[in-house]
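So you can see what is in the structure, the chains are spelled out below.
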Amino acid sequence: MREAFAVAFGAEAAGIWSAPGRVNLIGEHTDYNGGLALPFGIDRRTRVAMRLRDDDVVRVASDFADAQAGGVVETTLDRAAEASGWSRYVLGAAHVLRRELGVPGTGFDALVSSDVPVGVGVSSSAALESAVLVALDELWGLGVERRAMIRLGQLVENEVVGAPTGTLDQSAVLLAERDHAVLLDFRAGTAEQVPLGFEAAGLEILVIDSLVRHDHATGGYGERRRECEEAARIAGVPTLREVAVDDVEAWAGRMPAAVHRRLRHVVTDTDRAARVAALVRAGRPLEIGSILTDGHRSQRDDFEDSVPAIDAAVDAAVAAGALGARLTGGGFGGAAIALVDVAASPRIQREVADAVEAAGHARPVVFAVHASQGARRDPEA
């Protein structure tokens, strides 16, 4: 990256910062409903090489295939919020930092490189935002705490990108630790590091990329969020976290059927997240598989944010011997995950890809991921 940076900008980078993609083990659409989620950072990362300039010009380049054709994106700090396309995540981070902290900042050159798949549901956008935020935080000498940085990343998504997302992705990417998941309680505002124990148990997580792309700035995500808000309003609670599992069915018939299904998913997925966290904390990761698969049924039938290719992938993974599988991320495309025995992983990967293709869908890209460190300045080679 240092060589590529010098070619692009004719100068040396001050450093390289990176952030991981993330997999959400369990707890979908719970973040904006005050619930629980259990994500972890993965060993696919977005890297940003950067140096400050002595003016207000910002130049951004990337090795993304769809970004190379556009060459270097050049603007000024005052116009950063007007960015479009992939560069809005970089420029949006600069805009939000300056506005929220009341700092003038200075211009910069940035080169982005990433092996985090885009549109899969492993939070490529949060990885990019977070890598830029930690880089500018250091270079501009701001000293922003990680919990405050989570909110800044959410503002980039909500205001600059226009995606009505919560804070799950930024929390996972910024707080992740190696071999741990982060138990996020969105009502209490807490984050607990939970050791996964997958390696010791001979397990790993497969990501099954359906190749069906999603965009949270448009479509079903915003609609589902509005339905959750309607469910909370009818139930007379500030968030759906206040509804107990045992009380879910009491609301059937007292709100529109679809809205009740959204309520049931959110409440039961928070319960599933609590149970999975308790099991891995107790050193019993082999027992979580059926809970993951139950979570997929809930997303498919109650939240209705799955797609046929994802359903086929989940079914194929379980049939091939996965302990459990489910849609991960915001849905409407993206990826499934499967918890598998390491020894069986290559076979399961092949069988899942073959089965999904045989069912008439695009052949998925299947790869293993492992819990990785959160956003950081990369060590020098």
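Relevant structure appears above.
On a predicted model such as this, the values are computed, not experimentally measured, just so you know.

Turning next to the sheet that holds strand 11 (residues 335-341). The strands making up a sheet associate through backbone hydrogen bonding, with each pair oriented either parallel or antiparallel. As summarised here, the arrangement of the four strands in space is 10-11-9-12, forming an open sheet in which the pairing is antiparallel. Either end of the sheet is taken by a strand with one partner, and the two such strands are strand 10 (324-328) and strand 12 (365-369). Along the sheet, successive strands turn relative to each other by an average axial angle of 25 degrees, direction set aside. Most of the contacts of helix 10 (residues 308-320) go to strand 10, to which it runs at about 160 degrees, and overall it touches strand 9 (203-209), strand 10 and strand 11. Running at roughly 20 degrees to strand 9, helix 11 (residues 345-358) makes contact with strand 9, strand 11 and strand 12 of the sheet.

Let's shift gears to the pairing of strand 9. Burial runs high along strand 9: seven of the seven residues are buried. Both faces of strand 9 are covered, namely the face carrying Leu203, Ile205, Val207 and Asp209 and the face carrying Glu204, Leu206 and Ile208. The pairing of strand 9 with strand 11 spans seven bridges and is antiparallel. Looking across to strand 11, one finds that valine 207 is bridged to isoleucine 337. As paired elements, strand 9 and strand 12 share five bridges and run antiparallel to each other. Bridge pairing in strand 12 places isoleucine 205 opposite valine 369.

Following the criterion strictly, the structure yields 34 salt bridges and no others. A salt bridge links arginine 178 to aspartate 179; its shortest N-O distance comes to 2.6 Å. The class of aspartate 179 is partly exposed, set by a relative accessible area of 31%. The residue arginine 264 makes a salt bridge to glutamate 249 at a minimum N-O spacing of 3.2 Å. Taken together, the residues arginine 264 in helix 8 (residues 257-281) and glutamate 249 in the loop between helix 7 (220-235) and helix 8 connect sequence positions 15 residues apart.

What counts and how
Residues numbered from 1 in each chain as written. Predicted model: local features only at pLDDT ≥ 70, side-chain atom pairs only at ≥ 80, totals over all residues. Heavy atoms only, no water. Pairing = 2+ DSSP bridges. Helix = DSSP H or I, 4+ residues; strand = E, 2+ residues; numbered from the N terminus. Axes fitted to C-alpha atoms, helices over the stretch in contact; angles between N-to-C directions. Contact = heavy atoms within 4.5 Å. Buried < 20%, exposed > 50% of the residue type's maximum accessible area, 1.4 Å probe, protein only. Salt bridge = Lys/Arg side-chain N within 4 Å of Asp/Glu carboxyl O.

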